[in-house]
Amino acid sequence: MADCVLEDDSRIGALTLVSAAQRIEAGQYWQGSPAHQVPNPPLSDIKLREMRNAPGKWTKGQLCGFLAGILVVYHAPFHAALAGMLLSSAALSHWGFIGGLAAAVPAGLTFVLMLCGFVAFIKRLCLPHLEPGIYPLRSIHGVYNWLSDKLMETSLFYTNSLYSTLYTAPWLRLLGAKVGARAEISTVSDIDPDLLTLGDECFVADMASVGPTTHLRGWFEIGPTTIGKRSFVGNAALVPANSRMEDNSLLGVQSTTAGGEIPQNTSWLGSPALYLPNREVVKAGEAQTYRPPLLAYVVRLVIEFFRVTLPEGLSLFGASLVFWFIKQIPDSVPLWQKLMVYPMAIFGTGIGLVVFVAIIKWALVGSYRPRKEPNWAFFVRRTELVTALYENVSVSLVLVWLTGTPWLAPFLRIYGVKIGQRVYCDSTFITEFDLVEIGDDCTIGKDTSLQTHLFEDRVMKMSKVKIENLSYIGSRCVVLYDAVVSSGSYIENLSLVMKAEFIPARSRWIGIPAYPYRS
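Keep in mind that this is a model prediction, so the values were computed, not measured.

Within the protein chain, the regular secondary structure consists of ten helices and 38 strands. The C-alpha atoms of the protein chain give 24 Å as radius of gyration, which agrees with the globular expectation for 519 residues (24 Å, within 12%). With the C-alpha coordinates of the protein chain rotated into their principal frame, the extents come out at 70 × 60 × 55 Å. Going through the 519 residues of the protein chain one by one, you find that 53% of them count as buried. Of the charged side chains in the protein chain, 44 are positive and 42 negative, and the gap between their average positions amounts to 3 Å.

Have a look at this one:
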């Protein structure tokens, strides 16, 4: 945060909040939210600090390798989108609006297959497999590692709706990961598939980072990461490389460890994580959580086929619709007038898609209410489809550009969010819209998640989040369901408000998990 000083050779770990005006002295390692000095840094930090004489310059060949990689990765999504747009445009020209809309699914499928095929081709056939170890950053190995990371980022960004489905596991296996039976994998990031092992029936939640590369002083380290059978990695949690979660272990929301091993049948929460001797466990039948019948598989595969293809297809349909509309303008219209119409056509189409997704939400799930549903319940599949459409159509095309403006609130209201007057909201991380209530004059910081559900124990537990008037929620925070942030409260950046937590009025909280601020 502002007015901080990090002296020479100081380091801060992952999921760390350096508070305002804090000073980290030379040679120190700090970690946590809020940050505190750690006398024994992680092993990766120790090993990388011991390395000496890293190459100081890139060679011409390595720089050319970066340039080639940039051009390839940059152009791939456009070529995949072009193929889908040609299909969508042809349908629009021949069969009109309804025909173009009907072609959204095959157009989306074309895009997903082409982009995934490209990523898999480069990753498996063109990039060598790097063995675990430490490598110079300024080397051909550094180029390979960078390109591998960019390919995974491309997949996660452009085919985001592919994740959290039954199609995720075979996709990651194709890239080289060892994925066990019935594993549930959401939008996992920072992975090296060749070094990733996910055990049978494990669960990796949204935005979890598993096995990221560690960089320090011109060196980088990669290592294997293993998630054991029926283990759970929470939203926005970080599992370091060279670590292992044993069977039936749990790492909670926005939590991380220093590496090493998480013992079997244990639960951990926080940054850095602390052992939880007890936690709420919700049990449901195996047929609805881990071992569903064949019919449930078939139904889910069908629904998730549309979850994977429809968001990208609708985006391509919207782009095709804009070009079709521009083509209808007579040639006699001056060019400057066409150029003025073009941005309005783009934005108008985007708004139309936002409203269309809202209609789908109300048709498929109606108004959200507090409930508990096992992972394989039909309701879960419906709401996950809505979430994919919201995140990959509404947010990507329009709402992400409205964050921090007064124009975001009206669009959130049509989805069911109860949002007051004069709210500054710099985040779109909302899923069960009707369960979120934000009072007047509140501030919701950048990339903050008002998280109305969790998937622990393979049961979707959802309930309300209430932010009362004049409250402040900092950036990169998570507020879990059944929490109440009372009027005038202040939640510092990178904090986690726990389930059913009651934040008293005009109080200040900080940390993962959050506790009353002590100056």
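Resuming the write-up.
The next thing to look at is helix H7 (residues 294-327). An α-helical segment advances 3.6 residues per turn. Residues three or four places apart therefore align on the same side. In this model, H7 (34 residues) spans 49 Å end to end at C-alpha, consistent with the 50 Å of a helix rising 1.5 Å per residue. Within H7, the axis deviates most sharply at threonine 309, by approximately 35°, and proline proline 311 lies no more than four positions further along.

Regular strands have side chains that alternate between both faces of the sheet. In this sheet, strand S20 (residues 267-270) lies alongside strand S18 (residues 250-251) in parallel orientation, the contact comprising two bridges. When the sheet's bridge partners are listed, leucine 251 is paired in S20 with tryptophan 268. Adjacent in sequence and paired antiparallel, S20 and strand S21 (residues 273-276) are bridged by two residues.

The next subject is the packing of aromatic side chains. One pass over the full model with this rule turns up 18 aromatic pairs. For the pair tyrosine 135 and phenylalanine 220, a centre-to-centre distance of 5.6 Å together with 25° between the ring planes defines the contact as stacked. Residue tyrosine 135 is located in strand S6 (residues 133-136), and its partner phenylalanine 220 is located in strand S13 (residues 219-222); the two are separated by 85 residues in the primary sequence. Ring geometry for tyrosine 368 versus phenylalanine 379: centroids 6.4 Å apart, planes at 80°, classification edge-to-face. Of this pair, tyrosine 368 sits in the loop between helix H8 (335-364) and strand S22 (371-374) while phenylalanine 379 sits in helix H9 (residues 378-397); the two residues are eleven residues apart in sequence, bridging distant segments of the chain.

Another point: the sheet that holds strand S12 (residues 214-216). Taken in spatial order, the three strands of this open sheet run S6-S13-S12, and their pairing is antiparallel. The open sheet has two edge strands, S6 and S12, and neither has a second partner. In this sheet, adjacent strand axes meet at a mean angle of 25° when their direction is disregarded. Looking at chain direction, S12 and S13 are connected through three bridges and run antiparallel. From the neighbouring strand, threonine 214 faces S13, where its bridge partner is glutamate 221. Along the sheet, helix H1 (residues 43-50) contacts S6, S12 and S13; its crossing angle with S12, the most-contacted strand, is approximately 35°. Contacting S6, S12 and S13, helix H4 (residues 140-158) crosses the sheet at an angle of about 55° to S13.

What follows concerns the side chain of glutamate 184. For glutamate 184, the position within the fold is in strand S8 (residues 184-185). Under the relative-accessibility criterion, glutamate 184 is labelled buried at 6%. At 2.7 Å, the side chain of glutamate 184 forms a polar contact with the side chain of arginine 300. If sequence neighbours within four positions are ignored, glutamate 184 has contacts with Cys202, Phe203, Val204, Arg300, Asn375, Trp376 and Arg458.

Turning our eyes to something else, we now look at the environment of histidine 36. When you line up the elements, histidine 36 lands in strand S5 (residues 36-37). The class of histidine 36 is partly exposed, set by a relative accessible area of 36%. If we skip the residues at most four places from it in the chain, histidine 36 touches Tyr29, Trp30, Gln31 and Pro272.

A few words now on the side chain of serine 148. Relative to the helices and strands, serine 148 is located in helix H4. Judged by its relative accessible area of 7%, serine 148 falls in the buried class. Contacts of serine 148, omitting those with residues within four sequence positions, involve Lys123 and Leu127.

For the rest of this paragraph, the subject is the packing of helix H2 (residues 60-102) against H4. Where H2 contacts H4, the axes come no closer than 10 Å and their chain directions differ by 10°. Accordingly, the angle class assigned to the pair H2 and H4 is roughly parallel. Along its contact with H2, which presents Gln62, Gly65, Phe66, Gly69, Ile70, Val73 and Pro77, the element H4 presents Ile140, Val143, Trp146, Leu147, Lys150, Leu151, Thr154 and Tyr158. The class makeup of the residues in the contact of H2 with H4 is ten nonpolar, four polar and one charged.

Ranked by internal contacts, the top residues of the largest apolar core, which has 59 residues, are Ile467 and Val479. Contributions of two or more residues to this core are made by helix H3 (104-126), H7, H8, H9, helix H10 (408-415), strand S25 (436-438), strand S29 (459-462) and strand S30 (465-467). In terms of residues, this core owes the most to one element, H9, which gives eight residues. Residues within four places of valine 479 in sequence aside, it is in contact with Ser449, Leu450, Gln451, Val465, Ile467, Ile473, Val485 and Val497. Val73, Ala81, Val112 and Leu172 belong to the second largest nonpolar core, which has 47 residues in total.

This part is about the packing of H3 against H4. Two packed helices can be described by the angle between their axes and the distance between those axes. The geometry of H3 relative to H4 is characterised by a closest axis approach of 10 Å and an angle of 165° between their N-to-C directions. With respect to H4, the element H3 is oriented roughly antiparallel. The element H3 and its partner H4 pack so that their crossing is left-handed. Across the interface between the two elements, Phe111, Leu115, Phe118, Val119, Ile122 and Lys123 of H3 pack against Leu147, Ser148, Leu151, Thr154 and Tyr158 of H4.

So, how was this worked out
- Residues numbered from 1 in each chain as written.
- Predicted model: local features only at pLDDT ≥ 70, side-chain atom pairs only at ≥ 80, totals over all residues.
- Heavy atoms only, no water.
- Helix = DSSP H or I, 4+ residues; strand = E, 2+ residues; numbered from the N terminus.
- Rg over C-alpha atoms; globule rule 2.2 N^0.38 Å.
- Buried < 20%, exposed > 50% of the residue type's maximum accessible area, 1.4 Å probe, protein only.
- Lys, Arg positive; Asp, Glu negative; His and termini not counted.
- Charge placed at Lys NZ, Arg CZ, Asp CG, Glu CD.
- Expected span 1.5 Å × (residues − 1).
- Bend = angle between axes of the 7 residues up to and from the residue.
- Pairing = 2+ DSSP bridges.
- Phe/Tyr/Trp six-rings, centres within 6.5 Å; stacked < 30°, edge-to-face > 60°.
- Axes fitted to C-alpha atoms, helices over the stretch in contact; angles between N-to-C directions.
- Contact = heavy atoms within 4.5 Å.
- Polar contact = N/O pair within 3.5 Å; in protein donor to acceptor, adjacent residues only side chain to side chain.
- Parallel < 35°, antiparallel > 145°, perpendicular 65-115°, else oblique.
- Nonpolar A, V, L, I, M, F, W, Y, C, P; charged D, E, K, R; others polar.
- Core = buried A, V, L, I, M, F, W, Y, C linked by side-chain atoms within 4.5 Å.
- Left-handed = near helix turned anticlockwise from the far one by under 90°.

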